[in-house]
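Residue-level listing of the chains:
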Amino acid sequence: MGRRGENIHKREDGRWEARVVAGRPVCGKTTYKSLYARSYKAAKAKKKDYLAGRAAAAGIAANTAAGTAANTVAGIIANPAVQDDLSAVSKDAGCGFLSSVEPLSIPAGTSDAAQPQSGPVTCFNEVAARWLASKKLAIKESSYAFYSIVIDKHLLPKFGKLDIKKVNTERINTFLLEEMDHGRIRDGGPLSDKTISELKSILNRILRYANAHHLITEVPESMPITVKKKPKPVFTEQEMISIENRAREEDTAFAMSVLLCGYTGIREGEICALQWSDFDWENRTISIRKTVSRISNTESRSAARTRVVVGLPKTECSIRTVPVPESVVNYFKEHSGPSMNYVITGTPKYMEPRVCRDRFTRFLRRAGVKHHTFHTLRHSFATNCIEQGMNVKVLSEILGHSDVSITLARYVHPSMESKKAQMNKLKTFANRENG
């Protein structure tokens, strides 16, 4: 019987079927290809050969592209000036993650043809540990936890004990194709294009770090990953009316916080961290300076898998001052509490995001509104602002985006009524001539 997550199963006709990802179009659903054999072992071998062939073909395409694919990964930078901060990295005789490895001699005849270098072996996991250590003080705790999970759960099982010089185009492409097919840790299903893109990005950063520290002569190319942009849902005008009516009717700290997010577009983690001391009633503004998030626990001494942290917002631009509309500022002022109380709880204790999500689900049910995530309030706010004629640059700063293009691409979703209104402004060609 095939292992869970391999996508290999026995058919009713006695044959074994192995399914692989055949294509990921920019628009449309992922397509699969079935490979058949008389035994499980043969089906698994066919699948391995197919993925290897795909990886080789992708490698040829990547090399022909002369580096275009690698350059499209935004934010992948390597700083040669970064010093190896390995004070927190324990030494170990093996090639374990976050360990220091004694240099080993390469036996004769085992050098990789793609990397003609000779010299001591440096395991991939050692380089990953060094890169992660160099980033620890420069990034948010949540980002550090995310990088740790990606390295530990996805990259190390594939490349961990491999000589860094042998991480080449073919191996990278094989890895990406396998992750596309059955990379999901939870159930062995396929990973999304966005997750694949993130895996590739972190792998590239580690390889660029290795290149900057002269552990490899060049960063290998890899197959391009296209992330399909899915339209984000928004609440309709009638749904927002129902949400506001229900919030005012319940008149609780949580309901008021839902209403505040609908009028300001602040994020879920930001509303969880917001205190009444962050309000400036004279200037009718809110200061966004912190956020609450639950992250993976990277502390080895703790048995808990995750922990809640109160830290800085998502990006530097997310630290901002948001005006409160005149139409609702008095409502929030009347319901304000002691300065150290959290707005969403009405007490000195914050609410963590997953509790917020659960309560929002129940709130929508009481309001008679179709289920959407809490973040949909933010999408809806941005879309409403654009339809009301707000300047996009102003909206971008209110939302805390670093670039106007992010606002337009991710959060602005014109309704059909808005599209019709704009189309109705067009004149016929005859009217243009007469006008």
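All of these numbers come straight from a predicted model, not from anything done at the bench.

Caption draft 1: Spotlight on the environment of Ile288. Turning to its location among the elements, Ile288 is positioned in strand 7 (residues 285–288). A residue is classified by how much of its surface remains accessible, and Ile288, at 1% relative accessible area, is buried.

Caption draft 2: Structural context of a positive patch on the surface. Where like charges cluster on the molecular surface, the positive patch consists of Lys229, Lys232, Lys314 and Arg410. The topology assignment puts Lys229 in the loop between helix 6 (193–212) and helix 7 (237–250).

Caption draft 3: The arrangement of the confidence of the model for the chain in detail. Summing up the model confidence of the chain, the mean pLDDT is 80 and the portion of residues at 70 or higher is 77%. Confidence over residues 62–117 falls short of pLDDT 50; this stretch has 85 contacts with residues more than four positions distant or in other chains.

Caption draft 4: Layout of helix 7. Taking 1.5 Å as the rise per residue, helix 7 with 14 residues should run 20 Å; its terminal C-alpha atoms sit 20 Å apart, in good agreement. Along helix 7, the positions that sit buried rather than exposed are Glu239, Ile243, Glu244 and Ala247. For helix 7, the angular spread of buried residues about the axis comes to 135°, placing them on one side. Counted as exposed and oriented over 90 degrees from the buried face of helix 7: Glu237, Gln238 and Glu249. Against the buried residues of helix 7 lie helix 8 (253–264), helix 10 (326–334) and helix 11 (353–367). At the C-terminal side of helix 7, Asp251 shows a positive phi close to 55°.

Caption draft 5: Structural detail: the environment of His372. Summarising the element assignment, His372 is placed in the loop between helix 11 and helix 12 (376–387). On the accessibility criterion, His372 (13% relative accessible area) is buried. Spatially, the C-alpha atoms of His372 and Phe360 are 9.0 Å apart, while their sequence positions differ by 12 residues.

Caption draft 6: Geometry of the packing of aromatic side chains. Under the defined criterion, the tally for this structure stands at 13 aromatic pairs. Consider the rings of Trp131 and Tyr147, whose centres lie 5.3 Å apart with planes at 45°: the pair is tilted. Taken together, the residues span a long stretch of sequence, with Trp131 in helix 3 (residues 124–135) and Tyr147 in helix 4 (residues 141–159) at a distance of 16 residues. Residue Trp131 is classed as buried on the basis of its relative accessible area of 1%. Accessibility expressed as a relative area gives 12% for Tyr147, which makes it buried. For the ring pair Phe279 and Trp281, a centre distance of 4.9 Å and an interplane angle of 20° mean the geometry is stacked. On the accessibility criterion, Phe279 (9% relative accessible area) is buried.

Caption draft 7: Structural detail: the nonpolar core. With 43 residues, the main nonpolar core has Leu274, Phe360 and Phe363 as its most contacted residues. A per-element tally of this core places helix 8 first, with 7 residues. The residues contacting Phe363, other than those within four sequence positions of it, are Ile243, Arg246, Ala247, Glu250, Phe254, Ala255 and Val258. Counting residues in each nonpolar core, the second largest holds 37 residues, with Val167, Met180, Leu207 and Ile225 among its members.

Caption draft 8: Structural view of the pattern of salt bridges. If you walk through the whole model with that rule in mind, you get 20 salt bridges. Note that Glu249 and Arg246 form a salt bridge whose closest N and O atoms lie 3.5 Å from each other. A residue pair is termed a helical-turn pair when its members lie 3 or 4 positions apart in one helix, as Glu249 and Arg246 do in helix 7 at 3 residues. The partner of Arg294 in a salt bridge is Glu352, with the nearest N and O atoms 2.7 Å apart. Of the two residues, Arg294 sits in strand 8 (residues 291–296) while Glu352 sits in the loop between helix 10 and helix 11, which places them 58 residues apart along the sequence. Residue Arg294 is classed as partly exposed on the basis of its relative accessible area, which comes to 29%. For Glu352, a relative accessible area of 14% puts it in the buried group. Overlapping salt bridges, with partners in common, bring together Arg246, Glu249, Glu250 and Arg366 in one network.

Definitions and cut-offs
- Residues numbered from 1 in each chain as written.
- Predicted model: local features only at pLDDT ≥ 70, side-chain atom pairs only at ≥ 80, totals over all residues.
- Heavy atoms only, no water.
- Helix = DSSP H or I, 4+ residues; strand = E, 2+ residues; numbered from the N terminus.
- Buried < 20%, exposed > 50% of the residue type's maximum accessible area, 1.4 Å probe, protein only.
- Patch = residues over 30% accessible without salt bridge, like charges linked within 9 Å, V, L, I, M, F, W, Y side chains within 5 Å.
- Areas by Shrake-Rupley, 256 points an atom, 1.4 Å probe, with all protein chains shown as cover.
- Salt bridge = Lys/Arg side-chain N within 4 Å of Asp/Glu carboxyl O.
- Lys, Arg positive; Asp, Glu negative; His and termini not counted.
- Charge placed at Lys NZ, Arg CZ, Asp CG, Glu CD.
- pLDDT = per-residue confidence, 0-100.
- Contact = heavy atoms within 4.5 Å.
- Expected span 1.5 Å × (residues − 1).
- Arc of directions from axis to C-beta.
- Phe/Tyr/Trp six-rings, centres within 6.5 Å; stacked < 30°, edge-to-face > 60°.
- Core = buried A, V, L, I, M, F, W, Y, C linked by side-chain atoms within 4.5 Å.

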